[in-house]
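Chain by chain, the residues:
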Amino acid sequence: MCLGIPGRIESIDNEDALARSGTVRFGGVGKTVNLAYVPEAEAGDYVIVHVGFAISVIDAEEAEKTLAMIEEMEGLADLEEASPGESS
Amino acid sequence: MNEESKQAWNEGQQRANASYGAKRKRITIDPITRLEGHGKIDIFMDEKGDVEKAYFQVPELRGFEIFSLGRPAEDMPQITSRICGVCPTAHHMASTKALDMLYSVEPTSAAKKLRELIYSTFMLEDHALHVYILGGPDFIVGPDAPAALRNVLGVVDKVGEEVGLKVISMRRRLREFIAYLGGKVIHPVFGLPGGVAKGINPADLDGFKQLADDGVAFAEFTLQVFNDIVLKNEEYVKLITSDAFTHKTHYMGLVDENNHVNFYDGKVRVVDTDGKEIAKFSEVEYLDNIAEHVEPWSYVKFTYLKKVGWNGFTEGNDSGVCCVAPLARLNAADGLATPKAQAALEQYFGMLGKPVHHTLANHWARAIEMLYAAERIQQLINDPEITSQDIRTIPTATPKRGIGIVEAPRGTLFHHYETDEKGILNMVNLIVATQNNAARMAMSVENAAKGLIHGGNVDEGMLNKVEMAFRAYDPCHACATHALPGQMPLVARVWNKDGEVIHTLRRDSQVVGKV
C-alpha cells in the first residue's frame, strides 16, 4: 500500500523559489523537506511528503483524520500475521 | 446523512472497533518507526564471496483491508485517497469505478469524460513530478555526478532556472484545475457511483482550454529536454540498454477498444516477452488472471500471472512475473490515441525495439505519457459535451460486488469490494501498482548487487546504484516517504555463507532535532 504521512511545517529555512525548504515535524521527528513545489505552504501548514519533497498541502482537520486512521491501521496490522523477519 | 445510513455507519464503526479490540495482541502504535523505516536489502554470498541471492524489503502499511471492513462502501473513495496521499486521484478513481459496478450503474457520457479529464490532469502532474524531480537527477544531471549534485538543484543548474520555475507553475495550475472539479486534491470529493459531483461552468472553459494548450507545450518541451540531454549522449543510451538494467518479463496495462493506452478505462491487456498478446480481461475476470505469491522474507504480496504460474523471480515467457507502469503500458498497447504522443512513441520503439525491456527506459516512457495525457486533456476540454450538466445516473440497484481498475502513474491498480445489501463492506481486496512491480523490482536489486559485489568486496557506492535500479519504477513505499531529496534511507546487510552479517551499509535520512 502506498502511503503519505502528513507532517507539520515548523519553519521555513530557505525562501529561494527553487530551493525552498523547511523543517517538517512528524510526531517527535523533524526533517528537512523541499518545499519548492508547494509555494503556498507556510509554517504551521500540514503537507504530504514524498521522497523528501512536499507534494501537497492539506488542512489540519484532514491531517488529523489521516494520522488517526494510520494509527488505527498500525494496530490492526499486528493481528494479521507475524512479522516476516527482523523488525528494526 | 439520513437516518438509515447513519445507523449503518454506526453499526459498521462498532463492528470494526470490536474486531479491532478483540484481536489486538500488542501495542505498536509508533508512527516514528514507520517514518524511520528503511528500505532493507539482504545480500547472501556464496563461499567465493559472490552474490548468491539478494532480497529487497520495504516496510509496508498493512491492516488496511481489516480497517475497511464494516464501513460503508461509499466511504472508500475518500478513505483510500486519504491514506494514499501520494497518488490520491488514482485511488479515488479506482474506488469510484468499483462503486459503479457495486451499484450496477452506468455513469453518463459527460461524467465519464469529466472523470477522464481530471484523471489525465493528475497523470500529467504526477509524471512531471517524477520526470523533473524524483527521477530526473539520475538522467538530467547524470548517474555518475557527485551525490551532492544529484538532486533537484543539479537539475536546475543543467536546464536553467526558468525551467525549474516553469515546472513549479505548471504543476500548480494543473492541481488547481483538479481542485476546481474535485474539491481538495488530496481528498477529492468528485467521483460518485454513477457519475461525478461537479461539472464545468461554461464561463470557466476558456481558461482551461489555455491550460490544456500550455500543458501540451510543456510536455513537448519535456521530451525535447530528454532528447537533447539523454538521447544525444551515448553514455546514457549505453546505460539504459545495459544488461544490468534489463529484464525480459511480461507487461500489463489498460487498453481501449483499439488497443491504445488508456489510463482511465478499458480492458487489461497482457503481452509476453515478445510483445505478443497472451491475455485481455475485464474487471470481473481479474482473479482468473492475477494471483499473489507470498515470500517468507517480505510483507509485500508479489502478484503474478495466474495462468502462467509462479516460477520464482525469473525472466522469460515461462515466468509469471509481470511488469506495470509506463514502460509496461507502452509495451502492452498497440499505440497511443493522440498524434503527437504517437509520433514520440514511434521514435521510442524505433530506437529501442518493441517490447522495450530496459528498466531505465521508464523515464522516457513517462515523458511520452506526459504528452499523451496533455493531448488527451486538450481533446476532452474541447469536447462539446464537457460542459454538460448531465453528470450523474442515480443508482437504484442493491449492492453486491464491485471491481474498479485504473492505470495509476505507477501501474495497474485494482480495487475490489463486496458488501451486504446495505452496502456495508465485508470483503476488500486492493492490488496496488507497486505490488505488481515488486517481483521485477526485487530482480533489479539482485542484478545490481550481483554486478557490484565480487570476491567478498563490497563497493560502498552500491546503495546509489541499487537505488537507481528501483527508482525508475517510482515505487511508492512507506520508506520512500520521508527521506531527504535523493536520499532514501537504506540499509544493506551482507551475509557470508555461514549466515553471519559481515557488512552493514547504512544510509539514514537527515533528522533534525529529535525530541
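Here, every reference points to the structure presented above.
On a predicted model such as this, the values are computed, not experimentally measured, just so you know.

1. Here we look at the pattern of salt bridges
Residues and elements named next belong to chain B.
Inference 1: Counted under the stated rule, the structure contains 24 salt bridges over all chains.
Inference 2: The salt bridge involving D214 is made with R173; its shortest N-O contact spans 3.0 Å. Here D214, found in helix α10 (residues 205-231), pairs with R173, found in helix α9 (residues 161-182); they are 41 residues apart in sequence, far enough to count as distant.
Inference 3: Overall, the relative accessible area of 24% leaves D214 in the partly exposed class.
Inference 4: Across the pair E446 and K450 runs a salt bridge whose closest N-O atoms are separated by 3.2 Å. Placement of the pair is E446 and K450 together in helix α16 (residues 433-452), with a separation of four residues, close to one helical turn.
Inference 5: Where salt bridges share partners, they join K53, E446 and K450 into one cluster.

2. Regarding the nonpolar core
Inference 1: In this structure, Y119, F177, I200, L330 and Y348 of chain B are the most contacted members of the largest nonpolar core, which totals 100 residues.
Inference 2: Each residue touching L330 of chain B, except ones within four places of it in the same chain, is listed here: V261, L336, L345, Y348, F349, K354, A365, I368 and E369 of chain B.
Inference 3: Counting 30 residues, the second largest nonpolar core, distinct from the first, contains V24, V33 and V49 of chain A together with Y417 of chain B.

3. Comments concerning the packing of helix α6 (residues 109-134) of chain B against α9 of chain B
All names here are of chain B.
Inference 1: Relative orientation of the contacting elements α6 and α9 amounts to 155°, with a least axis distance of 10 Å. Compared by their axis directions, α6 and α9 come out roughly antiparallel. Handedness of the α6/α9 crossing: left-handed. The segment α6 lies against α9, with L114, L117, I118, T121, F122, L124, E125, L129 and Y132 engaging V163, V167, R171, L174, R175, F177, I178, L181 and G182.
Inference 2: When its residues are assigned to classes, the contact of α6 with α9 shows 13 nonpolar, two polar and three charged.

4. Considering the pairing of strand β2 (residues 21-26) of chain A
Residue and element names in this part refer to chain A.
Inference 1: Counting buried residues along β2, five of its six residues qualify, which places the element largely inside the surrounding structure.
Inference 2: Sheet topology places strand β1 (residues 6-14) next to β2; five bridges connect them, and they run antiparallel. Bridge assignment links I9 to a residue of β2, and that residue is V24.
Inference 3: With antiparallel pairing between neighbouring strands as the criterion, β1 and β2 make up a hairpin whose turn holds six residues.
Inference 4: Bridge count between β2 and strand β3 (residues 29-34): six bridges; the pairing is antiparallel. Bridge pairing links S21 to N34 in β3.

5. Thoughts on the packing of aromatic side chains
Inference 1: Counted under the stated rule, the structure contains 16 aromatic pairs over all chains.
Inference 2: Ring plane angle 65° and centroid distance 6.2 Å describe the contact between Y37 of chain A and F53 of chain A, whose orientation is recorded as edge-to-face. Separated by 16 residues along the polypeptide, Y37 of chain A in the loop between β3 and β4 (46-50) and F53 of chain A in strand β5 (residues 53-58) bring together distant segments of the chain. Of the two residues examined, Y37 of chain A and F53 of chain A, each falls in the buried class.
Inference 3: Look at Y180 of chain B and F208 of chain B: their rings are 4.8 Å apart centre to centre, the planes differ by 65°, and that puts the pair in the edge-to-face class. Taken as a pair, Y180 of chain B in helix α9 and F208 of chain B in helix α10 lie far apart in primary sequence, 28 residues in all.
Inference 4: Each residue in the set F226, Y348, F349 and W364 of chain B is aromatic and connected to the rest through ring pairs, giving one cluster.

Parameters at a glance
- Residues numbered from 1 in each chain as written.
- Chains lettered and ligands numbered in written order.
- Predicted model: local features only at pLDDT ≥ 70, side-chain atom pairs only at ≥ 80, totals over all residues.
- Heavy atoms only, no water.
- Salt bridge = Lys/Arg side-chain N within 4 Å of Asp/Glu carboxyl O.
- Helix = DSSP H or I, 4+ residues; strand = E, 2+ residues; numbered from the N terminus.
- Buried < 20%, exposed > 50% of the residue type's maximum accessible area, 1.4 Å probe, protein only.
- Core = buried A, V, L, I, M, F, W, Y, C linked by side-chain atoms within 4.5 Å.
- Contact = heavy atoms within 4.5 Å.
- Axes fitted to C-alpha atoms, helices over the stretch in contact; angles between N-to-C directions.
- Parallel < 35°, antiparallel > 145°, perpendicular 65-115°, else oblique.
- Left-handed = near helix turned anticlockwise from the far one by under 90°.
- Nonpolar A, V, L, I, M, F, W, Y, C, P; charged D, E, K, R; others polar.
- Pairing = 2+ DSSP bridges.
- Phe/Tyr/Trp six-rings, centres within 6.5 Å; stacked < 30°, edge-to-face > 60°.

Everything listed here is a matter of coordinates, which is why it stays silent on function.
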